[in-house]
Structure formats: structure tokens, C-alpha cells
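Summary of the model geometry
Given next are the chains, with one letter for each unit.
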Amino acid sequence: DTAVSQTPKYLVTQMGNDKSIKCEQNLGHDTMYWYKQDSKKFLKIMFSYNNKELIINETVPNRFSPKSPDKAHLNLHINSLELGDSAVYFCASSGDGPPEAFFGQGTRLTVV
Amino acid sequence: AQSVTQLDSHVSVSEGTPVLLRCNYSSSYSPSLFWYVQHPNKGLQLLLKYTSAATLVKGINGFEAEFKKSETSFHLTKPSAHMSDAAEYFCVVSPSGSARQLTFGSGTQLTVLP
């Protein structure tokens, strides 16, 4: 069983479109995250979310929004896509135990 | 505030020789430290973690790391490299007890030569 799964794995879209990436975790964790990995492989957190609070990295444009239908899912919506949004986006989750995060396989987004 | 510096962006070793990937950290708190590995076009997998227990931490696939507070280092080692070890490695720091504030290093690309 995949612990943290994201779909799609690859996403190619045109500038100006709106797209979503889905994430699901079956670990029973309370907190989920979205990370962005740029072309130099640098990873930066975008959001952390549990049912009590959403913490947004202040550098994230408001075109990006996380939506959580339930504790096991955290989807990422992106409006008006720009070329600079091209990156690999990772979903992750963590629980109340050891301070470690479990990551999904990543979604490679290419904006053309 | 916290930060992580991975001292080498690329490391090349021959198969069967030792691996050393260097990491220095800065943290205002007693940190938790991690090494993650990313194989090409794959997700991030946890190799090992330090969370204030034993300073020598053993991980998967024969990797280990030693937490040295006096040197603020958490270097990753393996006695004998295997071709399958070729990947990107990330050193990560977080304040003790929280996965919500993971700070990633810039990564080290490990190449294993036949």
C-alpha cells in the first residue's frame, strides 16, 4: 500500500490554465504539506495544514490554494498558471509521533 | 532560525569505496536531523533520523550518520558504495518535536562509478 499518493504524476498545461493536484495519505496522520522542488532540486515548503490551522509560506502566490475535503486528503489548486510554476510538487504528511514527514512520489508540472 | 548547509553539490565515488556526504546545520533549538534520498524521478525516502537519542544513527541500505553537536554536523556515510546508491541526498533539520518546520539542504548528487 502506498502511504502518500499523488495524482497525476505528470501534468503538462498551458499558461493561464487552472489545475489541481490531488494527494491522499493512508497513514492516519493529522498534518499534511505541499512542497515545491525547483529546477535546482531545492525543496521549499508551501503549506502545512491540519484540521486546526493552515500555515502558508509567505512567499507562495495566492494563486496557489490548498483544499482539504477530509483529514486524509490535501489537494493543491493552482489558478492562472505561469511558466515559473513549472516544478515538481511533493505532498507529505506527518503524525504526532516522531518529527518526520512521509513524501509522495511527486507531480512534475510543466507549464508551456 | 534554522538552516542546513550541504557542503558538496556533487560527490563521485567508485563502486565498493566509502561514501561521505557532508552536512552542517544551524538551529536555535535542539534539532532533529534527517537524511532523505531521492532517486531519479522518484519521491523522497527517509534514510535515517536523529531525534536526541544515540548520536550514531543507522539507517536503511547500510547508511549511517553521526550527530556531532560540537561541530554542528550530521555527515552521512556508507562503508561501500553500490551502483543503486546513485541518487540525490538531502540533509534536513527541524526543531525538536516538529515535522512542520523541516528545512532542507540544497542536496548532494551522488554518482557511483563502475
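Placed above this text is the structure.
Quick look at the structure, then. (Residues numbered from 1 in each chain as written. Chains lettered and ligands numbered in written order. Predicted model: local features only at pLDDT ≥ 70, side-chain atom pairs only at ≥ 80, totals over all residues. Heavy atoms only, no water.)

Thoughts on the interface of chain B and chain A
Test applied: We call two residues in contact when some of their heavy atoms are within 4.5 Å. Buried area, as used here, totals the accessible surface that two parts lose on assembly, with accessibility defined by a 1.4 Å probe and the loss added over both. Salt bridges are defined by distance alone: a side-chain nitrogen of Lys or Arg within 4 Å of a carboxyl oxygen of Asp or Glu. Identification of polar contacts relies on pairs of N or O atoms within 3.5 Å, with a donor-acceptor requirement for protein atoms, meaning one able to donate a hydrogen and the other able to accept it, and with residues adjacent in sequence counted only if both atoms are side-chain atoms. For the purposes of this entry, the term helix denotes a DSSP run of H or I that reaches at least four residues, the term strand denotes a run of E that reaches at least two, and both are numbered from the N terminus.
Contacts between the two partners involve 23 residues from chain B, matched on the other side by 23 residues from chain A. Counting the surface chain B buries against chain A, the share from its top three residues, L44(B), R100(B) and F104(B), is 33%. Taken together, chain B and chain A are joined by two salt bridges. As a salt-bridge pair, K41(A) and E88(B) come within 3.8 Å of each other at their nearest N and O atoms. The tally of links from chain B across to chain A stands at four residue pairs in polar contact (both at pLDDT 80 or more). Going through the elements one at a time, strand 5 (31–38), strand 6 (44–50) and strand 10 (87–95) of chain B are the ones with two or more residues in the side of chain B that touches chain A. Looking at the side of chain B that touches chain A, the element that brings in the most residues is strand 5 of chain B, giving four residues.

Looking at the pattern of salt bridges
Enumeration according to the criterion identifies eight salt bridges over all chains in this entry. Bridged by salt links that share partners, the residues R63(A), E82(A) and D85(A) form one connected network.

A look at the layout of surface pockets
Cut-off, in case you're wondering: Only protein atoms enter the 1 Å grid used here. Points where a 1.4 Å probe fits but cannot escape make up a cavity, open sets with protein on both sides within 12 Å along at least five of seven lines make up a pocket, and a residue lines them when an atom lies within 4 Å of a point. Grid points are joined across faces, edges and corners, and a volume is the space filled by probe spheres set on the points. Residues are grouped as follows: Ala, Val, Leu, Ile, Met, Phe, Trp, Tyr, Cys and Pro are nonpolar; Asp, Glu, Lys and Arg are charged; all remaining types, including Gly, are polar.
Taken as a whole, the largest pocket holds about 310 Å³ of empty space. In terms of lining, the largest pocket is formed by 20 residues, of which the most central are Q37(A), V88(A), R108(A), Q38(B) and N41(B). Those elements giving two or more residues to the lining of the largest pocket turn out to be strand 9 (87–94) and strand 11 (107–111) of chain A. Class assignment of the residues belonging to the lining of the largest pocket gives a composition of six nonpolar, nine polar and five charged.

Some words on the state of the cysteines
In a disulfide, the sulfur atoms of two cysteines are covalently bonded to one another. Note the following rule: Any pair of cysteine sulfurs within 2.5 Å is marked as a disulfide. Relative accessibility thresholds used throughout: buried, under 20% of the residue-type maximum; exposed, over 50%; partly exposed, between the two (1.4 Å probe, protein chains only).
Within this structure, the stated rule accounts for two disulfides over all chains. There is a disulfide in this structure between C23(A) and C91(A), and the S-S distance comes to 1.8 Å. Judged by the torsion about the S-S bond (-75°), the C23(A)/C91(A) disulfide is left-handed. Taken as a pair, C23(A) in strand 3 (residues 19–25) and C91(A) in strand 9 lie far apart in primary sequence, 68 residues in all. For the pair C23(A) and C91(A), one class covers both residues: buried. A disulfide bridge connects C23(B) with C91(B), and the sulfur atoms are separated by 2.0 Å. Taking the torsion about the sulfur-sulfur bond, which here is approximately -70°, the covalent link between C23(B) and C91(B) counts as left-handed. Residue C23(B) is located in strand 4 (residues 23–27), and its partner C91(B) is located in strand 10; the two are separated by 68 residues in the primary sequence. One exposure class covers both C23(B) and C91(B), and it is buried.

Describing the sheet that holds strand 8 (residues 73–78) of chain A
Residue and element names in this part refer to chain A. We count it as follows: The rule for pairing is simple: two strands pair if DSSP sees at least two bridges between them. Axis definition: a line fitted to C-alpha atoms, over the contacting stretch in the case of helices. Angles run 0 to 180 degrees between N-to-C directions.
As summarised here, the arrangement of the four strands in space is 1-3-8-7, forming an open sheet in which the pairing is antiparallel. Both edges of this open sheet fall to strand 1 (4–7) and strand 7 (64–70), since each of them pairs with a single strand only. Averaged over all neighbouring strand pairs, the angle between strand axes comes to 20°, with direction disregarded. The sheet contact formed by strand 3 and strand 8 spans four bridges and is antiparallel. Paired with S20 across the two strands is H77, which belongs to strand 8.

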